[in-house]
Amino acid sequence: QLQFVESGGGLVQPGGSLRLSCAASGSIFSIYAMGWYRQAPGKEREFVARINWSGGSTNYADYVKDRFTISRDNAKATMYLQMNRLKPEDTAVYYCNGDLLFSSGSISRYWGQGTQVTVSS
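What counts, and where the lines are drawn
- Residues numbered from 1 in each chain as written.
- Predicted model: local features only at pLDDT ≥ 70, side-chain atom pairs only at ≥ 80, totals over all residues.
- Heavy atoms only, no water.
- Core = buried A, V, L, I, M, F, W, Y, C linked by side-chain atoms within 4.5 Å.
- Buried < 20%, exposed > 50% of the residue type's maximum accessible area, 1.4 Å probe, protein only.
- Helix = DSSP H or I, 4+ residues; strand = E, 2+ residues; numbered from the N terminus.
- Contact = heavy atoms within 4.5 Å.
- Pairing = 2+ DSSP bridges.
- Polar contact = N/O pair within 3.5 Å; in protein donor to acceptor, adjacent residues only side chain to side chain.
- Disulfide = S-S within 2.5 Å.
- Salt bridge = Lys/Arg side-chain N within 4 Å of Asp/Glu carboxyl O.

In terms of nonpolar packing, the biggest core is built from 31 residues, with Trp36, Met79, Leu81, Met83 and Tyr94 touching the most fellow members. Elements supplying a minimum of two residues to this core: strand 1 (2–7), strand 3 (18–26), strand 4 (31–39), strand 5 (46–52), strand 7 (68–73), strand 8 (78–83), strand 9 (92–101) and strand 11 (115–119). If we ignore the near neighbours within four places in the chain, the residues touching Tyr94 are Glu6, Leu20, Trp36, Tyr37, Arg38, Val48, Phe68, Leu81, Met83, Gly114, Thr115 and Val117.

Right, here's the structure in full:
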């Protein structure tokens, strides 16, 4: 299993920046990929970004591309999301997740508790 400690959320003005962190513990040597999702009030949870744990390849949702950067520190088993040029519509609870790859080839996804990001003047 995987457990996560998320941090870095808060209140920021439009145009500002925040960096979210997600520290993983548990079966970290079986991590296949990690990612971020977000959920705004009254809306469904949506994909933000994802990073392959070994090769570091990334992909982003169109609405955050060129503003957000996902990265990871394998030694610390920690993933980051640098968010720049934040907009009010980025306001949401941000959730990290991690995918474990088992020897059978199956993958299980685990979720963090979420951290609130509020973009407002």
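What follows continues from the structure just given.
To continue, consider the pairing of strand 5. Pairing of strand 4 with strand 5, which is carried by six bridges, proceeds in the antiparallel orientation. Along strand 5, the bridge assignment pairs Arg38 with Glu46. What sits between strand 4 and strand 5 in their antiparallel hairpin is a turn of six residues, with Gly42 showing a positive phi close to 80°. One ladder, built from three bridges, connects strand 5 with strand 6 (residues 58–60); its direction is antiparallel. Each residue of the ladder has a partner; that of Ala49, found in strand 6, is Tyr60. A loop of five residues connects strand 5 with strand 6, the two strands running antiparallel in sequence, and Gly56 in this loop sits at a positive phi of about 80°.

To continue, consider the environment of Ser17. For Ser17, the position within the fold is in the loop between strand 2 (10–12) and strand 3. Taking relative accessible area as the criterion, Ser17 reaches 40% and is therefore assigned partly exposed. Ser17 sits 80 residues away from Asn97 along the chain, and the two C-alpha atoms are 22 Å apart. When neighbours within four sequence positions are excluded, Ser17 is seen to be in contact with Val12, Gln82, Met83, Asn84, Arg85 and Leu86. Here the side chain of Ser17 touches Asn84 through a polar contact of 2.9 Å, side chain to side chain.

On inspection of all chains with the given rule, the structure shows one disulfide. Put simply, Cys22 and Cys96 are joined by a disulfide, and their sulfur atoms are 2.1 Å apart. Taking the sign of the S-S torsion, about 50° here, the bridge from Cys22 to Cys96 comes out right-handed. With Cys22 in strand 3 and Cys96 in strand 9, this pair connects stretches of sequence that are 74 residues apart.

Within this structure, the stated rule accounts for six salt bridges. The salt bridge involving Asp62 is made with Lys65; its shortest N-O contact spans 3.3 Å. Put simply, Arg67 and Asp90 hold a salt bridge, and the shortest N to O gap is 2.7 Å. Pair noted here: Arg67 is in the loop between strand 6 and strand 7 and Asp90 is in the loop between strand 8 and strand 9, with a separation of 23 residues, a long-range link. Like Asp90, Arg67 is buried. Counted as one network, the salt bridges with shared partners bring together Arg38, Glu46, Arg67 and Asp90.

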